[in-house]
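Inside the fold
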Amino acid sequence: MSALSAPRIAGVAGGVGTTTLATALRAYDRGREGARGVDVLACRATGQSLHQAASIVAWLADNGRPRPVLAVTSDQPGPLHSSGKARLRMMEPGLAAVVLLPYVGHWREMSDPLTEAAVLSERPAEELPRPLRAYGRTLATLAELVVRSGLLGR
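Here goes a summary of the coordinates provided.

What about the pairing of strand β5 (residues 97–101)?
Burial of the side chains of β5 is restricted to one face: A97, V99 and L101 are buried, whereas none of V98 and L100 on the reverse face is. Sheet topology places strand β4 (residues 69–73) next to β5; five bridges connect them, and they run parallel. The residue of β5 that forms the bridge with V69 is A97. As a crossover connection, the stretch from β4 through helix α3 (residues 82–91) into β5 is right-handed.

Here's the deal with the packing of aromatic side chains
Scanning the model with the defined rule gives one aromatic pair in all. Ring plane angle 70° and centroid distance 5.0 Å describe the contact between W107 and Y135, whose orientation is recorded as edge-to-face. Separated by 28 residues along the polypeptide, W107 in the loop between β5 and α4 (113–117) and Y135 in helix α5 (residues 133–149) bring together distant segments of the chain. Residue Y135 is classed as buried on the basis of its relative accessible area of 4%.

Considering the environment of P131
Relative to the elements of secondary structure, P131 occurs in the loop between α4 and α5. Remark: the alpha-carbon pair of P131 and L101, spanning 30 residues in sequence, is separated by 13 Å. Ignoring anything within four residues of it in the chain, the contact list for P131 reads V104 and H106.

Some points on the side chain of E116
Structurally, the position occupied by E116 is in helix α4. With no salt bridge to any partner, buried E116 finds its closest opposite charge in R123, at an N-O distance of 8.6 Å. In terms of polar contacts, E116 uses its side chain to reach the side chain of H106, at 2.7 Å. Leave out the neighbours within four places in its chain, and E116 touches H106, W107, M110 and L132.

Quick word on the environment of L101
Within the secondary structure layout, L101 lies in strand β5. Expressed as a C-alpha distance, the spacing of L101 and R123, which sit 22 residues apart in the sequence, is 18 Å.

A closer look at the nonpolar core
If you look at the biggest cluster of nonpolar residues, it comprises 43 residues, and the most contacted ones within it are L21, L41, L70, M91, L120 and L142. Only β1 (8–11), α1 (18–25), β3 (40–44), α2 (47–62), β4, α3, β5 and α5 provide two or more residues apiece to this core. With six residues, the top contributor of residues to this core is α2.

Remarks on unusual backbone geometry
Peptide bonds are trans in most cases, and residues, glycine excluded, mostly fall at negative phi. Unusually for a residue other than glycine, R26 sits at a positive phi of about 55°. Examined against the element boundaries, R26 turns out to sit in the loop between α1 and β2 (28–29).

A word on the pattern of salt bridges
Scanning all chains against the criterion turns up four salt bridges. Put simply, R44 and D75 hold a salt bridge, and the shortest N to O gap is 3.6 Å. Highlighted residues: R44 in strand β3 and D75 in the loop between β4 and α3, separated in sequence by 31 residues. Classification of R44 as partly exposed rests on a relative accessible area of 21%. For D75, a relative accessible area of 25% translates into the label partly exposed.

Conventions we followed
Starting afresh in each chain, residues are numbered from 1 along the sequence in its written order. For a predicted model such as this one, the threshold for reporting local features is a pLDDT of at least 70, and the threshold for listing and counting side-chain atom pairs is 80 or more; totals across whole chains, interfaces and linings nevertheless cover every residue. Remark: hydrogens and water are excluded; side-chain values derive from all non-hydrogen atoms of the structure. Only protein chains enter the accessibility calculation, which uses a 1.4 Å probe; a residue is then buried when its area is under 20% of its type maximum, exposed when over 50%, and partly exposed in between. Runs of E in the DSSP output that reach at least two residues are strands. Runs of H or I that reach at least four are helices, and both are numbered from the N terminus. Whether two strands pair depends on DSSP finding at least two bridges between them. Here a crossover is taken to be right-handed if, once the strands point away from the viewer, the path from the first strand over the helix to the second is traced clockwise. Between 30 and 60 degrees the pair is tilted, below 30 it is stacked and above 60 it is edge-to-face, where a pair is any two Phe, Tyr or Trp rings, Trp via its six-membered ring, whose centres lie within 6.5 Å. The contact rule is simple, with two residues in contact once any of their heavy atoms fall within 4.5 Å. All tallies of charge rest on Lys and Arg as positive and Asp and Glu as negative; His and the ends of each chain are not included. For this analysis, a salt bridge means a side-chain nitrogen from Lys or Arg found within 4 Å of a carboxyl oxygen belonging to Asp or Glu. Between N or O atoms, a polar contact is any pair within 3.5 Å; within protein, one atom must be a potential hydrogen donor and the other a potential acceptor, and residues adjacent in sequence are included only when both atoms are from side chains. Each nonpolar core is a collection of buried residues, namely Ala, Val, Leu, Ile, Met, Phe, Trp, Tyr and Cys, held together in the definition by side-chain atoms within 4.5 Å.

Below is the structure:
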């Protein structure tokens with residue numbers, strides 16, 4: 001059995017949750033520059049950010065690169081809009097999986113949300129403070145999908 005490497009995470013632009021995910025998963029933060037060689041591609045649940053993700057996913061497919069897991073960071077509470085869902089359905093063939101990360105409102109008010117994000121993978125979601133439980137559960141799902149994708153053994 002081969003050893004697994006830490007996941008490589010990149011974002012389609014700044015402010016899409018790349019560093020938060022990398023911190024929470026103890027992963028490599030590739031910023032925006034590494035979007036063409038990653039295990040997890042992060043974007044926001046906005047039309048522009050999903051469009052940027054679709055362009056990167058198409059480039060990866062056209063160049064025979066492995067399909068990443070797409071992590072979509074919610075901008076607001078509630079479900080993804082129908083146009084966003086449609087965009088994700090169009091991208092699915094080029095992706096290993098799609099994960100919708102829930103909105104964590106109080107992170108916008110914190111001076112250092114990364115300190116809180118750093119402990120998310122250390123405790124079961126049920127033991128996290130209530131506002132972080134959904135994110136913690138989704139983070140565990142994301143980690144499992146990345147491991148199952150086979151991307152980490154490359």
